[in-house]
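# Tertiary structure, described
Chain by chain, the residues run as shown.
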Amino acid sequence: MLPNVPEGAPVLTAAAMRAAEDRAIAAGSSVAALMECAGTGVAEWVHRLAAGSEVLILCGPGNNGGDGYVAARVLASRGVPVRVAALGEPKTAAAAQARAAWSGPVEAFPGGLADGDTAPILVDAVFGTGLTRAVDDAVADAIRLLAGRARLSIAVDLPSGAETDSGGDFGAGKLANFDGTLALGALKPAHVLQPAARHCGAVRVIDIGLGSLDAVLRTSPRPQIAAPGPESHKYTRGMVAVVGGPMHGASELAARAAYRAGAGYVLLLTGGLPHPPHAIVRQRWSPDALADDRIGAVVIGPGLGRDDRAREKLEAALASDRPLVIDGDALHLLDGRLRGRDAPTILTPHAGEFAALFGAGTGSKIMQAQDAARKSGAVVVVKGADTVIAAPGGRVQVAAPTSAWLSVAGTGDVLAGTIGALLAQHVPPFDAASAGIWLHGAAARMIDRCFLADELADALPEALERAR
Ligand SMILES: NC(=O)C1=CN([C@@H]2O[C@H](COP(=O)(O)OP(=O)(O)OC[C@H]3O[C@@H](n4cnc5c(N)ncnc54)[C@H](OP(=O)(O)O)[C@@H]3O)[C@@H](O)[C@H]2O)[C@@H](O)CC1
Ligand SMILES: Nc1ncnc2c1ncn2[C@@H]1O[C@H](COP(=O)(O)OP(=O)(O)O)[C@@H](O)[C@H]1O
Ligand SMILES: [K+]
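For every chain, the first residue of its written sequence is number 1, and the numbers climb from 1 along that sequence. To read the labels, note that chains go from A and ligands from 1, taken in the order they are written. This being a predicted model, a pLDDT of at least 70 is required before a residue's local features are given, and a value of 80 or more before pairs of side-chain atoms are given or counted; all residues contribute to the totals for chains, interfaces and linings. Side-chain numbers come from the whole structure's heavy atoms, not from hydrogens or water.

Worth spelling out the cut-off: UniProt positions are given in the numbering used here, feature names are shortened, and annotations may be inferred rather than shown by experiment.
Looking at an unreviewed UniProt entry, one finds the protein named Bifunctional NAD(P)H-hydrate repair enzyme and attributed to Sphingomonas suaedae. According to the UniProt record, the Subunit (unreviewed entry) comment for the protein reads "Homotetramer."

### Description of the coordination of the potassium ion (ligand 3)
What counts, and what does not: With water excluded from the atoms, a metal site may look incomplete; its donors are any N, O or S atoms within 2.8 Å, or within 3.2 Å for Na, K and Ca. Site shape is set this way: if four donors have all angles between 85 and 135 degrees, tetrahedral; if opposite donors are over 155 degrees apart and all others between 65 and 115, square planar for four donors and octahedral for six; otherwise irregular.
Protein coordination at the potassium ion (ligand 3) comes from Asn64 (OD1), Asp124 (O), Phe127 (O), Val156 (O), Leu158 (O) and Ser160 (OG), with a distance range of 2.6 to 3.1 Å. Around the potassium ion (ligand 3) sit six donor atoms; with metal-centred angles ranging over 67 to 172 degrees, the donor geometry is irregular.

### Things to note about the environment of Arg256
Our working definition: Helix and strand assignments come from DSSP, with helices taken as H or I runs of at least 4 residues and strands as E runs of at least 2, each series counted from the N terminus. It only takes one pair of heavy atoms within 4.5 Å for two residues to be counted as in contact.
Within the secondary structure, Arg256 is located in helix α6 (residues 248–260). Between the C-alpha atoms of Arg256 and Val205, which are 51 residues apart in sequence, the distance is 38 Å. Sequence-distant contacts of Arg256, that is, excluding residues within four places in its chain, are made with Pro277, Ile280, Asp454, Ala457 and Asp458.

### A closer look at the packing of aromatic side chains
Using the following cut-off: Two rings from Phe, Tyr or Trp (for Trp, the six-membered ring) form a pair when their centres are within 6.5 Å of each other. A pair whose planes differ by under 30 degrees is stacked, one over 60 is edge-to-face, and the rest are tilted. Using a 1.4 Å probe on the protein chains alone, a residue whose accessible area is under 20% of its type maximum counts as buried, one over 50% counts as exposed, and one in between counts as partly exposed. For a lysine, the NZ atom is tested; for an arginine, the CZ atom; a charge sits over a ring if that atom is within 6 Å of the ring centre and within 35 degrees of the ring normal.
Per the counting criterion, the structure on display carries two aromatic pairs. Between the aromatic rings of Tyr235 and Tyr265, the centroid separation amounts to 5.4 Å while the plane-to-plane angle is 20 degrees, which identifies the pairing as stacked. Residue Tyr235 is found in the loop between β8 (217–219) and β9 (239–243), and its partner Tyr265 is found in strand β10 (residues 265–269); the two are separated by 30 residues along the sequence. We classify Tyr265 as buried; its relative accessible area is 16%. Directly above the aromatic system of Trp45 lies the positively charged group of Arg48, at a separation of 4.8 Å from the ring centroid.

### Some words on the site of ligand 1
Heads up, the condition is: Distances are taken per atom, and a residue is near a molecule or strand as soon as one of its heavy atoms is within 4 Å of it. The definition of a polar contact used here is a pair of N or O atoms within 3.5 Å, where within protein one atom must be able to donate a hydrogen and the other to accept one, and adjacent residues in sequence count solely through side-chain atom pairs. Surface accessibility follows the Shrake-Rupley procedure with a 1.4 Å probe radius. Residue values consider only the protein chains on display as shielding. Under the grouping applied here, Gly and all other residues not named as nonpolar or charged are polar, the nonpolar ones being Ala, Val, Leu, Ile, Met, Phe, Trp, Tyr, Cys and Pro and the charged ones Asp, Glu, Lys and Arg.
Around ligand 1 lies a shell of 20 residues, among which Asp67, Gly128, Arg133, Ala134 and Asp157 are the nearest. Contact between ligand 1 and Lys91: an oxygen atom at 2.8 Å from a side-chain N or O atom of the residue. Relative to its free-state accessible area of 930 Å², ligand 1 is covered by the protein chains to the extent of 82%. Counting only elements with at least two residues in the shell around ligand 1, the list comes to α2 (31–50) and α3 (63–77). Examining the composition of the shell around ligand 1, we find that three residues originate from one element, α3, more than from any other. Across the shell around ligand 1, the residue classes break down as nine nonpolar, six polar and five charged.

### Concerning the packing of α3 against helix α4 (residues 93–100)
This is how it is decided: Axis angles are defined between N-to-C directions and span 0 to 180 degrees, where every axis is a line fitted to C-alpha atoms and, for a helix, only to the segment in contact. Here the word oblique covers every angle except those under 35 degrees (roughly parallel), over 145 (roughly antiparallel) and from 65 to 115 (roughly perpendicular). Crossings are assigned a handedness: left-handed for a near helix turned anticlockwise from the far helix by less than a right angle, right-handed for a clockwise turn.
The N-to-C vectors of α3 and α4 enclose an angle of 20 degrees; their axes lie 8 Å apart at closest approach. In terms of their interaxial angle, α3 and α4 are classed as roughly parallel. Where α3 crosses over α4, the two elements pack in a sense that is left-handed. From α3, Asn63, Gly66, Tyr69 and Val70 reach across to α4, where they touch Ala94, Ala95, Ala98 and Arg99. In the contact of α3 with α4, the residues fall into five nonpolar, two polar and one charged.

### Considerations on the UniProt feature "binding site: K(+)" (unreviewed entry) in the protein
This chain's UniProt record puts "binding site: K(+)" (unreviewed entry) on Asn64, Asp124 and Ser160. Despite a sequence span of 97 residues, these residues sit close together in the fold, their greatest C-alpha distance being 9.4 Å. Relative to the helices and strands, Asn64 is located in helix α3. A relative accessible area of 8% means that Asn64 is categorised as buried. Of note is the side chain of Asn64, whose polar atom sits 3.3 Å from the backbone nitrogen of Val126. Its place among the elements puts Ser160 in the loop between β5 (152–156) and β6 (180–184). The residues contacting Ser160, other than those within four sequence positions of it, are Asp124, Val126, Phe127, Ile143 and Leu175. There is a polar contact of 2.5 Å between the side chain of Ser160 and the side chain of Asp124.

Printed below as a string of structure tokens:
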């Protein structure tokens, strides 16, 4: 049930890490002192996890390798059997110093080790945040082979070959899968962005003495959502209007999810005969249906269609002063129409909808989401296995990885309804998006097997219980 990365934690790019390191050094620390902290922290985790088994540490030429030498020395001093294999000589002063303090032998890597001469515990300290170009095939192949054969594999700071800021793969599809990654000082984007994130295993942060970190980017925190009090009634709990269209199932899912996420009243504007769940109030669409002041949020897009009638509904929703969640089909009809809208607006595109709305884009998913939020003036949720939430003012979060079982039809509709429920309770739009994604992900993690989107909606109350 625990997420694979810490929640509400700062996420620093390679440049921000260097700046934090510079600040620590200006305040009296040194690269060697930070490396000593990092390597000792790694050794403490490995000592606990190795339970006496032999550890093989692969060291690269930079400071990531330096961390590896420190860890080797500390582990050996605690009686753990350790072998070290290095990719060449250290190129930095701190790494050279760390290697000089390691009194054991240093084997050549990849060399003979590529044949699979491994140990039960494999520690990858080959490359970290300093990697700026593709890793040689022989090196990437060897790390993958050794990690695959180990009983437990741990990456120091990052899986070697991960691109720190974009989560890309400098290993040309050869990144190894690790059981765990020990992030030094702070999380980096590669711990939460795909494809790198899926190679990290469980990520834990080691404090290396950088002090408090002021990061724009964070992982989404666990929200705190209060249970209704005695003064609550159905309208104070939030009234959500879901604007439906020809694909009824999608808007039904959004409406059901809105209730399950705590809304007090859900209005489904499609018409049709009553059918379960009867709590959903069904009304025919009319352009003045959104005039009801009690409506706290409108969800539009799931099952809306893309015809003239859909356009007319979207126009009415945009013209209203109600907070909006715009998803699915409605995203395809937007055409820059958000301009001039003052009420809170949240866009929830998946990658295809995002590209259709904002173009192919360059830079990391985080930068693209920030850019889209700035241009549109809306909170933008770019969905996927690494969901990014960005606000027009620059605030940005990445959700902790959840469950790949979410990759099934209708889960986006459930998300739109979930966010709508929080928005209708006057939660500010960025926080409503963040909390909605957390509840959605927690529900998926709790089921943790193949499910229907309906079942995901029905698991939301249990997720709500965990957000108190
Ligand atoms: N920031 C902090 O606060 C602290 C950071 N610390 C640690 O430092 C790490 C960052 O260290 P780093 O900057 O020395 O870079 P690192 O990741 O070891 O790799 C770069 C080295 O590899 C080389 N190289 C690059 N690409 C290559 C390739 N394709 N194939 C082969 N070689 C290649 C490159 O050499 P080049 O040829 O480019 O001169 C360079 O020598 C960070 O992740 C953390 O573990 C802690 O110790 C203390 C506090
Ligand atoms: N591989 C995956 N791992 C984790 N979450 C995923 C994955 N694929 C999709 N999701 C999540 O599932 C939801 C799918 O939404 P969407 O693509 O709009 O589906 P639909 O339109 O069918 O409802 C999003 O919240 C997305 O983040
Ligand atoms: K590494």
